[in-house]
Amino acid sequence: MSAAMDTESTYSGYSHYSGHSKKAHRQGRDRHKSPRSKDGSRSEKSVTIQTPPAEPLLGNDASRAEEGQDDNWGETTTAITGTSEHSISQEDIARISKDLEDSVGLDCKRYLGLTVAAVLGLLVFLTPIAFILLPQLLWRDDLEPCGTVCEGLFISVAFKLLILLIGTWALFFRQPKADLPRVFVFRALLLVLIFLFVFSYWLFYGVRILDSKDTNYQGIVQYAVSLVDALLFIHYLAIVLLELRQLQPMFTVKVVRSTDGESRYYSLGHLSIQRAALVVLENYYRDFSVYNPALLTASKSRAAKHMAGLKVYNVDGPGNNASGQSRAMIAAAARRRDSSHNELYYEEADHERRVRKRRARLVVAVEEAFTHIKRLQAEEQQKAPGEMMDPREAAQAIFPSMARALQKYLRTTRQQQYHSMESILQHLSFCITNNMTPKAFLERYLNPGPTLQYDRDRWFSKQWTLVSEEAVTSGLQDGVVFVLKCLDFSLVVNVKKIPFIKLSEEFIDPKSHKFVLRLQSETSV
């Protein structure tokens, strides 16, 4: 209880410093400006990949704006701005409403596909049982007695159906990772093949067995066994087409993030464009560093400052031609461009110096805070019951001593929007519980990690749009380029085929390794 009061008093103390409120307001307003996205003029096919659970983009922006106010914990200002991170126009609102309608269509298509697959799967498993039971129910008295071989076939059908059930559950009954814009071609072909196969078996059963009331019951059971065997072979075909075919690497894709140019390379097999896009997104959340738009504002503000510093005065009067002003503007911009690299150099050097300084302060503060915690053994817990704290209380007790240094470091590295006070307390409590060192606690903040490391509410990309000039159901080919767009940035994917490699063999006789010592008069040997 006292630790919680200390934490609250520490943050209430930070709010008394309001001298920089206007400056913070102005910086926040400049930092959160982002260019409006425009659609290209060339003809492209655009489809949407939506990761479950589906959430509307407008709701994401609203929750992001609310969390942006909560992220400024321990701030040295009390200014509250009404700026949002993205400017939304009427075209953006119309596009968002269209995306919502498309998401509803995707949900209906997904549930329709699941329903069809479930009905067809139920029909497949009930068909062999129906083949065996219908003669017993309709003309049981006319059937020939079932011998030992026939009874053994019952056991064979039962175990084969059990194996088929387990294999179908392992292959098809999985939690969907994403909503793809188009149907999976191989899966659709397998469903059509199974339907035609079962329909032809029922047609033959109805014409040759039900109409004629065949009395050879052993032959009927053998017919059901042949159906189950064929279904097992179809299941093997499904494993080859859906799982094994894509394992051999055939293509290398280069993924580039459009905002900061960060890139990765991946090897893919025979996949369609939409499934390749899904693999790229899965690897993006794991391999790419989290997207931080605050790091991109420095270059934009520097360019705007250079352009704003150019002033042209017309000393010859208003009647002079404007071409002279344009030439003067170009000449001044060239002179400013020649000296801009010096400004960039000193800005980056000063920023690196401040980051190293505040990082050193943070490391010292965290190490000193961790020295005040000691894990009590079982026999020590009985001696001082009044001084014991759980990990949450211990984290709240030592957090105020490191909060200011951590807050300044996160602001300098522009990571404050990804770490709220509650998330830091949870991480600190986790580190205390598992006896982790101060270096392990700081690893999350000193080295920005991938997107999966942060809370889902902090992600800037949840719904993606696949833009491709080729059909998204077509396979990957050499030179194919497609784009994965979200609201803030895009991923440009370039596909290259792995070249054919020809290896030759050269045999070297071990007896050919003979050497001669060459002596000269100048040597010391």
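The protein goes by VANG1 protein in an unreviewed UniProt entry, where it is assigned to Prunella fulvescens. Quoted verbatim from the Subcellular location (unreviewed entry) field of UniProt, the annotation for the protein is "Cell membrane". The record in UniProt for the protein states the following under Sequence similarities (unreviewed entry): "Belongs to the Vang family."

Residues and numbers for the overall build of the protein, please.
Tallying secondary structure elements over the protein gives 14 helices and six strands in all. Counting only residues that meet the buried cut, the protein has 32% of its 525 residues in that class. The contacts in the protein between residues at least 6 apart in sequence include a share of 79% that link residues at least 24 apart. Roughly 33,400 Å² of accessible area belongs to the protein as shown, and the carbon and sulfur atoms make up 58% of that amount.

Can you lay out the packing of aromatic side chains for me, pointing to particular residues and giving the numbers?
A full pass over the atoms with the stated rule returns 20 aromatic pairs. Relative to Phe489, the ring of Tyr284 lies with its centre 6.0 Å away and its plane at 45°, an arrangement referred to as tilted. With Tyr284 in helix H8 (residues 273-287) and Phe489 in the loop between strand S5 (481-485) and strand S6 (490-497), the pair connects residues that are 205 residues apart, well separated along the chain. Note on Tyr284: relative accessible area 1%, which makes it buried.

Report on the environment of Met436, specifying residues and quantitative values.
Looking at where Met436 falls in the secondary structure, it is placed in the loop between helix H13 (421-433) and helix H14 (438-446). With a relative accessible area of 27%, Met436 lands in the partly exposed category. The spacing of Met436 and Phe370 is 66 residues in sequence and 9.8 Å in space, taken between C-alpha atoms. With residues up to four places along the chain from it excluded, the contact list for Met436 reads Phe370, Phe430 and Cys431.

If you had to explain the confidence of the model for the protein to someone new, which residues and values would you point to?
In the predicted model, the protein carries a mean pLDDT of 75, and 66% of its residues have values of at least 70. For residues 1-45, every residue scores under 50 in pLDDT, and the model assigns this stretch 59 contacts once sequence neighbours within four places are set aside.

I'd love a proper account of the UniProt feature "transmembrane region" (unreviewed entry) in the protein, names of residues and values included.
The feature "transmembrane region" (unreviewed entry), as annotated in UniProt, sits at residues 111-133, 153-172, 184-204 and 224-244 in this numbering. The span residues 111-133 shows a helical share of 100% and a strand share of 0%, and its end C-alpha atoms are spaced 32 Å apart. End-to-end, the C-alpha atoms of residues 153-172 are 28 Å apart, and along that stretch the chain is 100% helix and 0% strand.

Let's hear about a nonpolar patch on the surface: which residues, and what values?
Where nonpolar side chains cluster on the molecular surface, the patch consists of Phe154, Ile155, Phe159, Leu162, Leu165, Ile166, Trp169 and Phe173 and spans about 880 Å² of accessible area. For Leu162, a relative accessible area of 43% translates into the label partly exposed.

Lay out the state of the cysteines in plain terms, naming residues and giving numbers.
One pass over the structure, following the stated rule, counts one disulfide. Across the disulfide from Cys146 sits Cys150; the S-S distance is 2.1 Å. For the disulfide bridge between Cys146 and Cys150, the dihedral angle about the S-S bond is near -115°, and by the sign convention the bridge is left-handed.

Pulling in residues and values, what's your account of unusual backbone geometry?
Across the chain, the bulk of peptide bonds are trans and the bulk of non-glycine residues have phi less than zero. Phi is positive for Lys213, close to 50°, though the residue is something other than glycine. Mapped onto the secondary structure, Lys213 falls in the loop between helix H6 (185-210) and helix H7 (217-244). At Asn435, a position not held by glycine, the phi torsion is positive, near 55°.

For the pattern of salt bridges, give the residues involved together with the corresponding values.
Inspection of the entire model under this criterion finds nine salt bridges. Ionic pairing is found between Arg257 and Asp260, a salt bridge with its closest N-O pair at 2.9 Å. Residues Arg353 and Asp350 are paired through a salt bridge, measuring 2.8 Å at the closest nitrogen-oxygen approach. Of the two residues, Arg353 and Asp350 both sit in helix H10 (residues 322-370), three residues apart, roughly one turn of that helix. On the basis of relative accessibility, which here comes to 32%, the residue Asp350 falls in the partly exposed class. One connected set of salt bridges, linked through shared partners, spans Arg257, Asp260, Glu262 and Arg264.

Break down the pairing of S6 for me, citing the residues and quoting the values.
Where a strand is regular, its side chains alternate between the two sheet faces. Bridging between strand S2 (residues 251-257) and S6 involves seven bridges; their strand directions are antiparallel. By the bridge assignment for S6, Arg257 is matched with Leu491. In this structure, the hairpin formed by S5 and S6 is closed by a connection of four residues.

Break down H14 for me, with residues and values.
Every buried residue of H14 is listed here: Phe441, Leu442, Tyr445 and Leu446. Along the axis of H14, the buried positions cluster into a sector of 125°, meaning they face one direction only.

Kindly report on the packing of helix H5 (residues 148-172) against H7, identifying the contributing residues and their values.
Running from amino to carboxyl end, H5 crosses H7 at an angle of 20°, the nearest separation of the two axes being 10 Å. The angle between H5 and H7 falls in the class roughly parallel. Relative to H7, H5 is oriented so that their crossing is left-handed. The residue makeup of the contact of H5 with H7, split by class, is 19 nonpolar, six polar and three charged.

Kindly report on the packing of H13 against H14, identifying the contributing residues and their values.
Across the interface, H13 lies against H14 with an axial gap of 9 Å and an inter-helix angle of 150°. Between H13 and H14, the interaxial angle falls into the category roughly antiparallel. Crossing geometry of H13 relative to H14 is assigned as right-handed. Contacts between H13 and H14 pair Ile424, His427, Leu428 and Cys431 from the former with Ala440, Phe441, Arg444 and Tyr445 from the latter. A per-class count over the contact of H13 with H14 returns six nonpolar, one polar and one charged.

Can you explain the side chain of His427? Please cite residues and give values.
Mapped onto the fold, His427 is located in helix H13. For His427, a relative accessible area of 9% corresponds to the buried category. A polar atom in the side chain of His427 sits 3.2 Å from the backbone oxygen of Phe441. Sequence-distant contacts of His427, that is, excluding residues within four places in its chain, are made with Ala440, Phe441, Arg444 and Tyr445.

Describe the pairing of S5, listing the residues and the values that go with them.
Sheet topology note: the strand S4 (residues 463-468)/S5 ladder contains four bridges and is antiparallel. Counted as the bridge partner of Leu466 is Leu484 from S5.

Calculation rules
- Throughout this document, residue positions are counted from 1 along each chain, in the order its sequence is written.
- Predicted model: local features are reported for residues with pLDDT of at least 70 only, side-chain atom pairs are reported and counted for 80 or more only, and whole-chain, interface and lining totals are derived from all residues.
- The side-chain quantities take in all heavy atoms of the structure and omit both hydrogens and water.
- UniProt positions are given in the numbering used here, feature names are shortened, and annotations may be inferred rather than shown by experiment.
- Every helix listed is a DSSP run of H or I at least four residues long, and every strand listed is a run of E at least two residues long, numbered separately from the N terminus.
- Here's how the labels work: a residue is buried when its accessible area is under 20% of the maximum for its type, exposed when over 50%, partly exposed in between, all with a 1.4 Å probe on protein chains only.
- Contacts are assigned to residue pairs with any non-hydrogen atoms lying within 4.5 Å of each other.
- Only the protein chains shown count as covering a residue, and every accessible area follows the Shrake-Rupley method with a 1.4 Å probe.
- Stacked, tilted and edge-to-face are the three classes assigned to paired rings of Phe, Tyr and Trp, where Trp is represented by its six-membered ring and a pair needs centres within 6.5 Å; plane angles under 30 degrees give stacked, over 60 edge-to-face, the rest tilted.
- Each residue carries a pLDDT value, the predictor's own confidence for that position, ranging from 0 to 100.
- Like charges are joined within 9 Å and nonpolar side chains (Val, Leu, Ile, Met, Phe, Trp, Tyr) within 5 Å, but only among residues with over 30% relative accessible area and no salt bridge; these make up the patches.
- We define a salt bridge as a contact between a side-chain nitrogen of Lys or Arg and a carboxyl oxygen of Asp or Glu at a distance within 4 Å.
- Whenever a pair of cysteine sulfur atoms sits within 2.5 Å, that pair is classed as a disulfide.
- At least two bridges found by DSSP between two strands is the condition for calling them paired.
- Taking the helix axis as origin, the arc is that swept by the directions to the C-beta atoms.
- Every axis corresponds to a line fitted to the C-alpha atoms, with the helix fit spanning only the stretch in contact, and the corresponding angles, defined between N-to-C directions, vary from 0 to 180 degrees.
- Any angle that is under 35 degrees is reported as roughly parallel, and any over 145 degrees as roughly antiparallel; angles of 65 to 115 degrees are reported as roughly perpendicular and all others as oblique.
- Left-handed is the label given to a crossing in which the near helix is rotated counterclockwise from the far helix by less than a right angle, and right-handed is the label when the rotation is clockwise.
- Residue type decides the class: Asp, Glu, Lys and Arg count as charged, Ala, Val, Leu, Ile, Met, Phe, Trp, Tyr, Cys and Pro as nonpolar, and the leftover types, Gly among them, as polar.
- Polar contact is the term for a pair of N or O atoms within 3.5 Å; when the atoms are in protein, one must be able to donate a hydrogen and the other to accept it, and sequence-neighboring residues count only if both atoms are side-chain atoms.

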